[in-house]
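Topology and contacts: notes
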Amino acid sequence: MTSPSTPAAAHPPEPGALKRLIAKPEFGPLVLLVTMLVVFTAINPTFLSLNNVGNALTFTVELGLIALAMTLLMTAGEFDLSVGSVFGFAPVMMWAFFNAGIMPLPAAFIVAMLIALAIGLFSGLFVTRLGIPSFLVTLGMLLVVRGAALWLTSGFPQRTWDAGNHWLAELLVGDFYVGGLRIYMSLIWFVLLAAIFHYLLTGTRFGNWIQATGGNPGAARNRGVPIQRVKVILFMLSSAMAAFAGIISSIRVSAANPNSGTGYELEVIAMVVIGGTVLSGGRGTIIGTVLGVLILRLMRNGIVLIGVPGLAYNIFIGAIILGMMALHAALERRHNAGT
């Protein structure tokens, strides 16, 4: 006779630490990054030299800043294809104001950031009020903003060297050495903002709103989540981060090119997707995005160092995206099946 006190099967044992680790969306990107570092270093030991790492991180974090905001927006179920054009447009406006003597550099920086916020506000209102898919709205905005940058400058870059050692330039792109590693302030900004965005997404009510908006907007609306306001704020944040990254880049290279940022929108989305953020919305990860940023940018650097033609970069990126999507899909099926 079976005792009624026999433990019921209704409470399955908790999965072990290893299974919980493997189930995390960041696990796949982490394994890929470690594998990539090992392979590239084995082929060419200079890959992990301080000089090469410093050079690789310099440009990496500029795209990474955009990817952080794109993670939140994609978690809410939307896209922003205009970030590449805003990346080029905002510094053009800032340096045009400054070089013409219209306003000092800090004021020009603030105005450029306000213009970027207005672009994001316009996109967000179009998506939320008119119900037009964000893909189409931001594609149109990409063309408008890029065209405006080219028209205002006649296609010529704006000079930046009159800023000299201005305190704002030093604050944004100043550099210092840790041992033999050269570190730009842009890396500090990236690390700081990544920590803030991670906390925002995982530890605040607004982060819960973002995930609810992308996961089940109907249920979120019924529970009082202001999904339209959330999306508008995220579109504004996306444009602001693109402008911030573009301004940092313009100071670093001493030129504000109206064509800069071309194609960045697709690379940023690839970084976010490789990092484990779900394309359909509802679940995103800032830690995964940081890993995705490192994977794509260090891979571009690594394939050149090992002698692979740089034009083959897109082949590697496409293969990684397909592989990571297959991995994420498999993990999602296992998660849904409760295994």
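Definitions and limits used
- Residues numbered from 1 in each chain as written.
- Predicted model: local features only at pLDDT ≥ 70, side-chain atom pairs only at ≥ 80, totals over all residues.
- Heavy atoms only, no water.
- Helix = DSSP H or I, 4+ residues; strand = E, 2+ residues; numbered from the N terminus.
- Expected span 1.5 Å × (residues − 1).
- Buried < 20%, exposed > 50% of the residue type's maximum accessible area, 1.4 Å probe, protein only.
- Phe/Tyr/Trp six-rings, centres within 6.5 Å; stacked < 30°, edge-to-face > 60°.
- Pairing = 2+ DSSP bridges.
- Salt bridge = Lys/Arg side-chain N within 4 Å of Asp/Glu carboxyl O.

Focus: helix 4 (residues 83-99)
For helix 4, with 17 residues, the first-to-last C-alpha span of 24 Å sits near the 24 Å given by 1.5 Å per residue. Summarising burial for helix 4: 15 of the 17 residues are buried, a large majority. Gly-101, located one to two residues past helix 4, shows a positive phi value of around 75°.

Re the packing of aromatic side chains
Enumeration according to the criterion identifies six aromatic pairs in this entry. Measuring from ring centre to ring centre gives 5.0 Å for Phe-87 and Tyr-264, while their planes differ by 70°; the resulting arrangement is edge-to-face. On the criterion of sequence distance, the pair formed by Phe-87 in helix 4 and Tyr-264 in helix 12 (residues 264-274) is long-range, its members being 177 residues apart. For the pair formed by Phe-87 and Tyr-264, the shared burial category is buried.

A short note on the pairing of strand 3 (residues 181-184)
Relative to strand 3, strand 2 (residues 175-178) is paired through four bridges, and the arrangement is antiparallel. Bridging across to strand 3, Phe-176 finds its partner in Ile-183. Between strand 2 and strand 3, which follow one another and run antiparallel, lie two residues, and Gly-179 among them has a positive phi close to 70°.

Brief notes about the pattern of salt bridges
Counted under the stated rule, the structure contains five salt bridges. As a salt-bridge pair, Glu-62 and Arg-252 come within 2.6 Å of each other at their nearest N and O atoms. Taken together, the residues span a long stretch of sequence, with Glu-62 in helix 3 (residues 50-75) and Arg-252 in helix 11 (residues 227-253) at a distance of 190 residues. In this structure, Arg-297 engages Glu-267 in a salt bridge whose closest nitrogen and oxygen atoms are separated by 2.5 Å. Remark: Glu-267 occurs in helix 12 and Arg-297 occurs in helix 13 (residues 286-305); sequence separation between them is 30 residues. Across the pair, exposure class does not vary: Arg-297 and Glu-267 are buried alike. Each member of the salt-bridge network shares a partner with another, and the members are Glu-267, Arg-297 and Arg-300.

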